[in-house]
Amino acid sequence: MNLVVLFGGVSSEHDISCISAASVLRNLDREKYRVYAVGITAEGAWYLYENADPDKVQSGAWEHEPLRRAFLSPDRATHGLVVLREDGAPEIVRADCVFPVLHGIGGEDGTVQGLLELAGIPYVGCGVAASANSMDKSITKVLVQAAGVRQAAFYLARGNAFRHDADRVVREAIETLGGFPLFVKPCSSGSSVGVTRAEDELTLREGLEEAFKWDEKVLVEEFISGHEIEVAVLGNACPVASTVGEIAPTQTFYTFDAKYNDESSALYIPAHISDAASEAARDAAIRVYRALGCRGLSRVDFFCTYQGDEVVFNELNAMPGFTGISMYPKLFENGGIPYPKLLDKLIELAQEAR
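Below you will find a few notes about this structure. Predicted model only: the values in this text are computed from it and were never measured.

1. Comments concerning the packing of helix α1 (residues 14-27) against helix α12 (residues 339-353)
- Contact geometry for α1 and α12: axes closest at 9 Å, N-to-C directions at 100°. What the angle tells us is that α1 and α12 run roughly perpendicular. Facing α1, whose interface residues are S20, S23, V24 and N27, α12 presents Y339, P340 and L343.

Structure below.
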């Protein structure tokens, strides 16, 4: 099978995509797949990296290796990559499946998925609508609310309104949510980029200023005191939920630094919550997955309150991290599906969906 692995991209999560892709490349069965690694630079240039060295993908050194310009064609007759030879002549590489190991804007938001739909190429992960709707947290909130799943109360702030009258936006957020602490999140960023915790009016204003650097829509959410738990979901029409895992960050919350640089953060599989709460989280994960129209895979994040054991939805990640320390593959490994077999299953689901 000719398998194209996309990595990099123009989002703030470019480096995380490269780490995830390196892990995927290390675990693919090369007797089953002829792998074509296609890297997208932070500036948006596409290249075929024929050596596909996972270490160089992870470090970013791949960009200094011999490369050829390559891009996916939307033309269904092409059904794959157009690779430019040194003389500029095109060479066609048919793609049987694409694994877009891309996080954030330009890769996880429905844009690449739309290109692959036009091309008629099977691909791993959610479709256009589910990708777009899960990328924009404000839309996710509306769909999850309609599904009857408990979630944190929120206030939606818009950039134009904040620039016109910041005092009013800050005041409305406090009046809507009733007090501190509060969390401020750009609607369409991942890996906790641009996310801050506000303890008072001043830090709320500062948090909004930071978040608006990343997006024109920003969520301000109530603080939920509880365990940070995650459920991995796998499947198309009949999805299955993994056991529940727990993140125990040593920092104030699970920041970008805590996720990828601070090795003191602990992962617990299974989570340190009751059996009843675990079942509630697994059930809610499937409901959210279906409400957003997901397929292939997603990771659904919740809180489990310290008082009352209540499961509260946080967000859904349509292309979760696949690094060596990422929760998604670890949860299924705990359930008896090792990383290479998990990749096989994801590729099978992509073919099934097409």
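Back to the write-up after that little detour.
2. Notes on α12
- Between its first and last C-alpha, α12 extends 21 Å over 15 residues, near the 21 Å set by a 1.5 Å rise per residue.
- Among the residues of α12, Y339, L342, L343, D344, L346, I347, L349 and A350 are the ones counted as buried.
- Against the buried residues of α12 lie β1 (2-8), α1, β7 (97-100), β12 (226-235), β15 (296-305) and α11 (327-334).

3. Concerning the sheet that holds strand β10 (residues 196-198)
- The strand order across the open sheet built from four strands is β8-β11-β9-β10, with neighbouring strands paired in antiparallel fashion. Both outer strands of the open sheet, β8 (154-158) and β10, are each paired with one neighbouring strand and no more. If you compare each strand with its neighbour and ignore which way they point, the axes differ by 25° on average.
- The pairing of strand β9 (residues 182-186) with strand β11 (residues 217-222) spans five bridges and is classified as antiparallel. Following the sheet pairing, F183 is matched in β11 by E221.
- Packing of helix α5 (residues 137-146) onto the sheet brings it into contact with β8, β9 and β11, and relative to β11 it is tilted by some 50°.
- Most of the contacts of helix α8 (residues 201-211) go to β9, to which it runs at about 15°, and overall it touches β8, β9, β10 and β11.

4. Comments concerning the sheet that holds strand β3 (residues 46-49)
- Taken together, the seven strands give an open sheet; going across it, the order is β6-β5-β4-β3-β2-β1-β7, and neighbouring strands pair in mixed fashion. Of all the strands in the sheet, the pair left with one neighbour each is β6 (90-94) and β7. In this sheet, neighbouring strand axes are inclined to one another by 35° on average, regardless of whether the strands run parallel or antiparallel.
- Alignment of β1 against β7, held across four bridges, turns out to be parallel. Paired with L3 across the two strands is C97, which belongs to β7.
- Contacting β1, β2 (34-40) and β7, α1 runs over the sheet at an angle of about 150° to β1.
- Where α12 meets the sheet, its contacts fall on β1 and β7, and the angle it forms with β7 comes to roughly 120°.

5. Side note on the environment of D87
- Structurally, D87 can be placed in the loop between β5 (80-84) and β6.
- When the C-alpha positions of D87 and A271 are compared, they lie 56 Å apart, and in sequence the two are 184 residues distant.
- There is a polar contact of 2.9 Å between the side chain of D87 and the backbone nitrogen of A89.

6. Re helix α10 (residues 275-291)
- For α10, which comprises 17 residues, the first-to-last C-alpha distance of 24 Å matches the rise-based estimate of 24 Å (1.5 Å per residue) to within 8%.
- All of the buried residues along α10 are A277, S278, A281, A284, A285, I286, V288 and Y289.
- Looking at the buried side of α10, the elements it contacts are α5, β12, β13 (240-248), β15 and β16 (311-317).
- Of the residues one or two after α10, G293 is the one with positive phi, at around 75°.

7. A closer look at the pattern of salt bridges
- One pass over the full model with this rule turns up 23 salt bridges.
- D344 is paired through a salt bridge with K32; the nearest N and O atoms lie 2.7 Å apart. Within this pair, whereas D344 is found in helix α12, its partner K32 is found in the loop between α1 and β2, the two being separated by 312 residues in sequence.
- Of the charged contacts, one joins K56 and E65 as a salt bridge, the two residues approaching to 3.1 Å between their closest N and O atoms.

8. Points about the packing of aromatic side chains
- Scanning all chains against the criterion turns up nine aromatic pairs.
- Measuring from ring centre to ring centre gives 6.0 Å for F99 and F322, while their planes differ by 90°; the resulting arrangement is edge-to-face. Of this pair, F99 sits in strand β7 while F322 sits in the loop between β16 and α11; the two residues are 223 residues apart in sequence, bridging distant segments of the chain.
- For F322, a relative accessible area of 0% translates into the label buried.

9. Focus on the pairing of β6
- As paired elements, β5 and β6 share five bridges and run antiparallel to each other. Bridge pairing links L84 to P90 in β6.
- Between β5 and β6, which pair antiparallel in sequence order, lie five residues; one of them, G88, sits at a positive phi of approximately 90°.

10. As for the nonpolar core
- Counting 37 residues, the largest nonpolar core has L28, F99, V124, F322, Y328 and L346 as the members making the most contacts within it.
- At the level of elements, β1, α1, β2, β7, β12, α11 and α12 are the ones that each hand at least two residues to this core.

11. With respect to the packing of α11 against α12
- At a minimum axis distance of 9 Å, the contact between α11 and α12 shows a crossing angle of 105°. By the angle class used here, α11 and α12 are roughly perpendicular. Contacts from Y328, P329 and F332 in α11 reach Y339, L342 and L346 in α12.
- Broken down by class, the residue content of the contact of α11 with α12 amounts to six nonpolar, no polar and no charged.

Thresholds applied
Residues numbered from 1 in each chain as written. Predicted model: local features only at pLDDT ≥ 70, side-chain atom pairs only at ≥ 80, totals over all residues. Heavy atoms only, no water. Axes fitted to C-alpha atoms, helices over the stretch in contact; angles between N-to-C directions. Helix = DSSP H or I, 4+ residues; strand = E, 2+ residues; numbered from the N terminus. Parallel < 35°, antiparallel > 145°, perpendicular 65-115°, else oblique. Contact = heavy atoms within 4.5 Å. Expected span 1.5 Å × (residues − 1). Buried < 20%, exposed > 50% of the residue type's maximum accessible area, 1.4 Å probe, protein only. Pairing = 2+ DSSP bridges. Polar contact = N/O pair within 3.5 Å; in protein donor to acceptor, adjacent residues only side chain to side chain. Salt bridge = Lys/Arg side-chain N within 4 Å of Asp/Glu carboxyl O. Phe/Tyr/Trp six-rings, centres within 6.5 Å; stacked < 30°, edge-to-face > 60°. Core = buried A, V, L, I, M, F, W, Y, C linked by side-chain atoms within 4.5 Å. Nonpolar A, V, L, I, M, F, W, Y, C, P; charged D, E, K, R; others polar.

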